[in-house]
Structures are given as C-alpha cells and as structure tokens.
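Now for the letters of each chain:
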Amino acid sequence: MSKDQNSLYQMKHPGPLNPSRLDFVELANVVTSDVILAPGQSLHTAIVEAAEKLGGACGTASLEGGAFEKTRFTTGGPAREGKAANYTYIREYGATELTMGTCSFGFAEDAPAFVHCHAKFSKNSHGSEVGGHFMAEDCLISEPIFAKLNVFVGNSITQCAHAETLHAIFEIDEDQPGCIDDGYGREFFVRVHPNEDLPTALENFCAARNVENALIG
C-alpha cells in the first residue's frame, strides 16, 4: 500500500481481520439477458422469478427506468451496535420514479432468497433524486423496469454474517464446477474486503491472471 493509501481514512471493524483481502470464483457460466420487470410484483419477486427463468438463482442486475407504487428504503449511517457503520432508520415514500439501480441476488441463510439493491430515484419527474438501500420485498413495481440480468448457472452466493464487519453480506460458496468456454471469455465474481483500494485491487487481480481487457458489471 502506498503512502497516499496509508493516509486515507481506514474504518476499524469489530471482528478479526480476514487475511484474504479479495475473494473470487471463476464462474462456470453466466447467462446475460435484458428483461422487463412487470408491474404488480415486488422488486424482490420480479428479480428472483426472472433469474429462475434464465436457469439460476444467483447473480447481479442493473435497473433503469420504471416506477414504484410503494418505496421502502434506508441509507448509510453512523456506527452503532459494535459496527463501524450501520443503516439509518427505514423510510417509506410511496410512489417514486426509478432512475437507476444495481442488485446482487442469491441464497440466504434465513430465507429462500435475498435481493440486495441500491438505487437512485425521485418522488416525481421534477423532484430531487434520492439514493439508498431498497427493501426489495416491500418495493412494489407500478411501471415496467428495464433490467439487465447476469445469472450464474452452476455457481452460487449466499447471504450470511461476515465475521470482520458483523454485516450480513454475500459469501462465495465452495465446491463449484470448473469454468466452461462459452465464447465470451473468462468470467469472475470478485469481492474486495474493506479498507482496500478498489481500482488497485482489481488491477492486481487482473494482472495475476493475465487478464488484459475486462468489463466490470
């Protein structure tokens, strides 16, 4: 780590430092598809069902456009409960228009599935934009949302407690099948741990695996 990186603010997390600062799995197969999330469903249900139709239960998604009849979300807040950072109180806005969002989805220890979504939205076309962490099960779609899904087929991630931060995050599951050549090159799911410089971590990851060109999605 450079001198400039050392001088950056470092969050002190309550749990023991994980010696691995970057986790990854080379994915067996990723099915990428543009889908429309139809009105009348929660964001959670719409994403889970769309992924199942593409042959998987885990992956990532980007969202654009559309609207919600009901919007329930929270934002990042100060440390409490022994954690370096936490969420603020839960807010309910009613009808909102979605600008954009990103999701990770997969299995959960205490539920059949979990959708983790951060999004930017407004109360109306002329309102100021707000961003936050969506409670996906409580966000009811009222106008179609355009979504690009990247569904892992043959690999999985599971939401569970993270010993270092005490937050529930997606852990990469073990015992996955080997990568297959689908004509689109090698595909990885990468997770960088706290207090690491993200661009540097990804550049080092690519260099170690002879990856010269890559798309991050």
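Treat the numbers as computed from the prediction; the structure is a model and nothing was measured.

Lay out the packing of aromatic side chains with the relevant residues and their values.
Under the criterion given, the structure shown has 10 aromatic pairs. For the pair Phe-24 and Phe-205, a centre-to-centre distance of 5.1 Å together with 70 degrees between the ring planes defines the contact as edge-to-face. With Phe-24 in strand E1 (residues 22–26) and Phe-205 in helix H3 (residues 198–208), this pair connects stretches of sequence that are 181 residues apart. The buried category is assigned to Phe-205, whose relative accessible area is 7%. Within the aromatic cluster, the residues linked to one another by ring pairs are Phe-68, Phe-73, Tyr-93, Phe-121 and Phe-134. In this arrangement the basic side chain of Lys-123 is found over the ring face of Tyr-93, its NZ or CZ atom lying 4.4 Å from the centre.

So, the nonpolar core: which residues are in play, and what are the values?
Among the nonpolar cores identified, the biggest contains 28 residues, and Leu-37, Leu-43, Leu-63, Phe-68, Phe-105, Phe-134 and Leu-149 are the most heavily contacted of them. Among the elements that make up this core, the one with the highest residue count is helix H2 (residues 43–53) (six residues). The residues contacting Phe-68, other than those within four sequence positions of it, are Leu-43, Gly-94, Ala-95, Thr-96, Leu-98, Phe-134, Cys-139, Leu-140, Ile-141, Ser-142 and Ile-145. Leu-27, Val-30, Phe-152 and Ile-157 belong to the second largest nonpolar core, which has nine residues in total.

An account of the side chain of His-193 is requested, with residue identities and associated values reported.
Inspection of the secondary structure assignment puts His-193 in the loop between strand E16 (188–192) and H3. Within the structure, the side chain of His-193 is placed 3.5 Å from the side chain of Arg-191, a separation counted as a polar contact. Dropping the residues within four chain positions of it, His-193 is found in contact with Asn-18, Ser-20, Arg-21, Leu-22, Asp-23, His-162 and Glu-164.

Give a detailed account of the pattern of salt bridges, specifying residues and quantitative values.
A pair can form between side chains of opposite charge whenever their charged atoms are brought close. Under the defined criterion, the tally for this structure stands at 10 salt bridges. In this structure, the salt-bridge partner of Glu-196 is Arg-21, at a minimum N-O distance of 3.4 Å. You can see Glu-196 sitting in the loop between E16 and H3 and its partner Arg-21 sitting in the loop between helix H1 (3–7) and E1, a full 175 residues away along the chain. Judged by its relative accessible area of 32%, Glu-196 falls in the partly exposed class. According to the relative accessible area criterion, Arg-21 is buried, its value standing at 18%.

Give me H3: which residues, what numbers.
Ala-201, Phe-205 and Cys-206 are the residues of H3 that are buried. Considered in projection along H3, the buried side chains sweep an arc of 130 degrees and stay on one side of the axis. Of the exposed residues in H3, the ones pointing more than 90 degrees away from its buried face are Glu-203 and Ala-207. Where H3 is buried, its residues touch E1 and E16.

What counts and how
- Residues numbered from 1 in each chain as written.
- Predicted model: local features only at pLDDT ≥ 70, side-chain atom pairs only at ≥ 80, totals over all residues.
- Heavy atoms only, no water.
- Phe/Tyr/Trp six-rings, centres within 6.5 Å; stacked < 30°, edge-to-face > 60°.
- Helix = DSSP H or I, 4+ residues; strand = E, 2+ residues; numbered from the N terminus.
- Buried < 20%, exposed > 50% of the residue type's maximum accessible area, 1.4 Å probe, protein only.
- Lys NZ or Arg CZ within 6 Å of the ring centre and 35° of its normal.
- Core = buried A, V, L, I, M, F, W, Y, C linked by side-chain atoms within 4.5 Å.
- Contact = heavy atoms within 4.5 Å.
- Polar contact = N/O pair within 3.5 Å; in protein donor to acceptor, adjacent residues only side chain to side chain.
- Salt bridge = Lys/Arg side-chain N within 4 Å of Asp/Glu carboxyl O.
- Arc of directions from axis to C-beta.

This is a description of form; function is not addressed.
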